[in-house]
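Remarks on the overall topology
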Amino acid sequence: MVNFAHIINDENQKEIVRGRELTDRDRISKEYFCPNENCETKLALNIKSNGENYFSASYDDFDHIKYCWAKSKYANQVILPPKDKNINDFLNSLSKSESRKSEKSKSEKNDMDDNVTHRRMSTLKDIFYYCKSHNKENNFGDTKIKYMFLDSRTKNMYTKFIYEGTKVVIGDSILPFNPKDEMFKIKYNNKFYFKINFINSSVFNKCYKKLNLKGRNLKDVNVMVLGDWKRSGNNTLVTCIKNSKQFLDISSFISD
Ligand SMILES: [Zn+2]
C-alpha cells in the first residue's frame, strides 16, 4: 500500500504528503489523490496504531488505473525521475569517470538528501524501484522500460538478440571469476552473457566490495549493471564501467 499521496494545497498546487505525518483528524479534513499523475484516483487515508499510515483506493468507483505503479509492492520506494532532465543525461551522469574530489562532496550531499522527503532520483537503486514498480510497457524518459531495463519480465523478449546501447541489466548469476582479472561476467536468461570490464583497479575494487560474497554462492548473486553495451560475439555484450555507481548488488532487496 502506498504511504504517500498528493493533496491540493491552499495555493491550488499539488503537494505530496506522507501518511506517517498525518493523524486521524486528517482523514476527513482533506482529499487525497494517487501520486501517479496518470491515475490521480481519490484515495482514503488509513490510520494505523503503529504510525505506518497508508492510502488505499477504497472509495466506490475510485480505482487505480490498470498497472498503476502506486499499487506495486515497490511503490513506497519510488522517486520520480527529474522532469527537467533528459533521462539519458541522467544515466550518463551515473557513468561519468570518478574524480576523487567531486566524488566525496557528491556522496556527502547524497547522504543529506536521504533525509529529505522529496529527494531527487540519483542512484541505480532509484532506477530499480522506478522500473520495478512500473509496467515494462511504461516509459522511463523517452524509452520503454522493457528496452532499457532487462530483468525477469523481459526474458521472453530476449531469446535471440539484444540490441546494443545504454541499458540496465539484472543478471541471474555471476560466473566464477578471479578478482585478479578485474572483470565479471553475468548471465542473463541462460542465453546471454554480459561482460563487465572496469576502467581501473580503483573502480573494480569499489564494485568488488559491494559484493558481499560471505556464505553466498555466486550463482545466487543478483547484480544490476548500467552500461553502454556493445556486442562481442553472438551471445555476449560487453561494457566498461567508469564509475562504481553503475554497479549494485541487489540480492538483498529483489524479491521476484
Ligand atoms: Zn493510482
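Residues numbered from 1 in each chain as written. Predicted model: local features only at pLDDT ≥ 70, side-chain atom pairs only at ≥ 80, totals over all residues. Heavy atoms only, no water.

A few points about the coordination of the zinc ion
Within the protein, the atoms that donate to the zinc ion are Cys34 (SG), Cys39 (SG), His64 (ND1) and Cys68 (SG), at distances of 2.1 to 2.4 Å. With four donor atoms in place around the zinc ion and angles of 105 to 117° between them, the coordination shape is tetrahedral. Every donor residue of the zinc ion comes from the same chain, spaced as C-x4-C-x24-H-x3-C. Of this pair, Cys34 sits in the loop between strand E3 (32–33) and strand E4 (42–46) while Cys68 sits in the loop between strand E5 (54–56) and helix H2 (87–94), placing them 34 residues apart in sequence. You'll find Cys34 and Cys68 in the same group, each marked buried. (Donors = N, O, S within 2.8 Å, 3.2 Å for Na, K, Ca; no water. Tetrahedral: all angles 85-135°; square planar, octahedral: opposite > 155°, others 65-115°. Helix = DSSP H or I, 4+ residues; strand = E, 2+ residues; numbered from the N terminus. Buried < 20%, exposed > 50% of the residue type's maximum accessible area, 1.4 Å probe, protein only.)

Topic: the confidence of the model for the protein chain
For the protein chain, per-residue confidence averages 89 on the pLDDT scale, and 90% of positions sit at 70 or higher. Confidence drops under a pLDDT of 50 for residues 103–117, and excluding neighbours within four residues, the segment shows ten contacts in the predicted structure. (pLDDT = per-residue confidence, 0-100. Contact = heavy atoms within 4.5 Å.)

Points about the pairing of strand E12 (residues 192–198)
Residue alternation in E12 divides its side chains into a buried set, Phe192, Phe194, Ile196 and Phe198, and an unburied set, Tyr193, Lys195 and Asn197. Two strands pair when backbone bridges link them, and strand E11 (residues 183–188) and E12 are joined in this way by six bridges, in the antiparallel orientation. Each bridged residue has a counterpart across the sheet, and for Ile186 the counterpart in E12 is Phe194. From the end of E11 to the start of E12, which pair antiparallel, there are three residues, and Asn189 there has a positive phi angle of about 65°. (Pairing = 2+ DSSP bridges.)

Points about the pattern of salt bridges
For the structure shown, the criterion picks out twelve salt bridges. A salt bridge links Lys132 to Asp151; the nearest nitrogen and oxygen atoms lie 2.8 Å apart. Here Asp151 lies in the loop between strand E8 (149–150) and strand E9 (165–170) and Lys132 lies in helix H4 (residues 124–133), a separation of 19 residues in the sequence. Residues Lys132 and Asp151 agree in their burial class; the two are buried. Each of Lys132, Asp151 and Arg153 takes part in salt bridges that share partners, so that together they form one network. (Salt bridge = Lys/Arg side-chain N within 4 Å of Asp/Glu carboxyl O.)

Overview of the nonpolar core
Judged by nonpolar contacts, the single largest core of 42 residues is most densely connected at Tyr32, Phe55, Ile127, Phe128, Phe140, Phe149 and Met224. With six residues, the single largest contributor to this core is H4. Ignoring any residue separated from it by four or fewer positions in sequence, one finds Tyr32 in contact with Ala5, His6, Ile7, Val17, Leu22, Asp26, Arg27, Thr41, Lys42, Leu43, Leu45 and Phe55. (Core = buried A, V, L, I, M, F, W, Y, C linked by side-chain atoms within 4.5 Å.)

Some details on the pairing of strand E2 (residues 14–18)
Examined bridge by bridge, strand E1 (residues 4–8) and E2 share five bridges and lie antiparallel to one another. Of the residues in E2, the one forming a bridge with His6 is Ile16. Remark: five residues form the turn of the hairpin made by E1 and E2, two consecutive strands paired antiparallel; Asn12 in that turn has positive phi of roughly 65°.

Details of helix H6 (residues 201–210)
Looking only at H6, the buried set comprises Val203, Phe204 and Cys207. Projected down its long axis, H6 carries its buried residues within an arc of 100°, all on one side. Residues of H6 that are buried sit in contact with E11, E12, strand E14 (236–241) and strand E15 (247–249). Here H6 starts with a cap whose side-chain oxygen sits 3.2 Å from the backbone nitrogen of Ser202, and that cap is Asn200. (Arc of directions from axis to C-beta. Polar contact = N/O pair within 3.5 Å; in protein donor to acceptor, adjacent residues only side chain to side chain.)

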